[in-house]
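# Working through the structure, step by step
One-letter residues, chain by chain:
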Amino acid sequence: TISAQATVEMDLTGAHEAYVFHLDNVVPANDGDRLELQVSVDAGVTFLSGASDYRSQHKGAESEETLTAYQVAFTAGTEMVISRQAGASTTGVGNGTNESLSGFVTVHNAKQTVNDVLVTFEIVYLKGEAGFGPAQGKLNGHRGAGGLIANLDEVDAVLFQFSTGNLSAGRISLYGVAAA
């Protein structure tokens, strides 16, 4: 359960094939922040944040009274972007009444050391823009994928953070998926 914290860090030291995070009504302290993810290869002592450690891509739609589809790829960066639309005046999750982010983020290949660690996500959130819709925000839903592209070590911890401020409220639950 999130309560005004800068980051949420979760341990991935189990022997699972994949790790699934369920994000439930996650709210940023700052309106319009984007949700980001970083990984650790040293049990959470440090999280990889080099200038070209991650890459991600998004495909989805946002809605006011009409539906606007978009597709965007983010070049290498210091974090994997989970909630963002390129070219928007507001690029992230709103923190007003009834605004939050929910969805699933899955880390694949966390225990291997040969291939890139891949991440997929499917989320929905309201962006903090006044004057649109009954909740005064734009509904934004998308799927995306990303990868840790600069390091082939076993991933053993994950960090969620917003781009400029704290995680204000919500819950992130972790599930391990074992081989059958």
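Above: the structure in question.
This write-up is about the structure you can find in this document.

Thresholds applied
Residues numbered from 1 in each chain as written. Predicted model: local features only at pLDDT ≥ 70, side-chain atom pairs only at ≥ 80, totals over all residues. Heavy atoms only, no water. Helix = DSSP H or I, 4+ residues; strand = E, 2+ residues; numbered from the N terminus. Buried < 20%, exposed > 50% of the residue type's maximum accessible area, 1.4 Å probe, protein only. Areas by Shrake-Rupley, 256 points an atom, 1.4 Å probe, with all protein chains shown as cover. Salt bridge = Lys/Arg side-chain N within 4 Å of Asp/Glu carboxyl O. Core = buried A, V, L, I, M, F, W, Y, C linked by side-chain atoms within 4.5 Å. Contact = heavy atoms within 4.5 Å.

### Details of the overall build of the chain
Scanning the chain from N- to C-terminus turns up 0 helices and 12 strands. By the burial criterion, 48% of the 180 residues in the chain qualify as buried. Roughly 8200 Å² of accessible area belongs to the chain as shown, and the carbon and sulfur atoms make up 50% of that amount.

### Topic: unusual backbone geometry
Notably, A43 is not glycine yet its phi reads approximately 60°, a positive angle. Mapped onto the elements of the fold, A43 is located in the loop between β4 (35-40) and β5 (54-63). Overall, A43 belongs to the exposed group, its relative accessible area being 56%. Even without being glycine, N98 reaches a positive phi, approximately 70°. Position of N98 among the secondary structure elements: in the loop between β7 (80-81) and β8 (101-108). By relative accessible area, which is 60% here, N98 ends up exposed.

### Remarks on the pattern of salt bridges
Taken as a whole and assessed by the stated rule, the structure comprises 5 salt bridges. For D24, the salt bridge is made with R171, and the minimal N-O distance between the two is 3.0 Å. Of this pair, D24 sits in strand β3 (residues 18-28) while R171 sits in strand β12 (residues 167-177), and the two are 147 residues apart along the sequence. Residue class for R171 comes out partly exposed when judged on its relative accessible area of 36%. E79 is paired through a salt bridge with R34; the nearest N and O atoms lie 3.4 Å apart. Taken together, the positions of E79 in the loop between β6 (67-77) and β7 and R34 in the loop between β3 and β4 put the pair 45 residues apart, joining distant regions of the chain. Using a relative accessible area of 17% as the deciding quantity, one classes R34 as buried. By sharing partners, the salt bridges in this structure join R34, E36 and E79 into a single network.

### Things to note about the side chain of S56
Along the chain, S56 falls in strand β5. The class of S56 is buried, set by a relative accessible area of 4%.

### Describing the nonpolar core
Judged by nonpolar contacts, the single largest core of 32 residues is most densely connected at F21, L23, V105, F160 and I172. Contributing elements (two or more residues each) for this core: β2 (7-11), β3, β4, β8, β9 (117-127), β11 (157-162) and β12. If one sorts the elements of this core by residue count, β9 sits on top with 5 residues. Once residues within four sequence positions are removed from consideration, F160 is found in contact with A6, T7, V8, F21, L23, L35, E36, L37, V105, L167 and I172.

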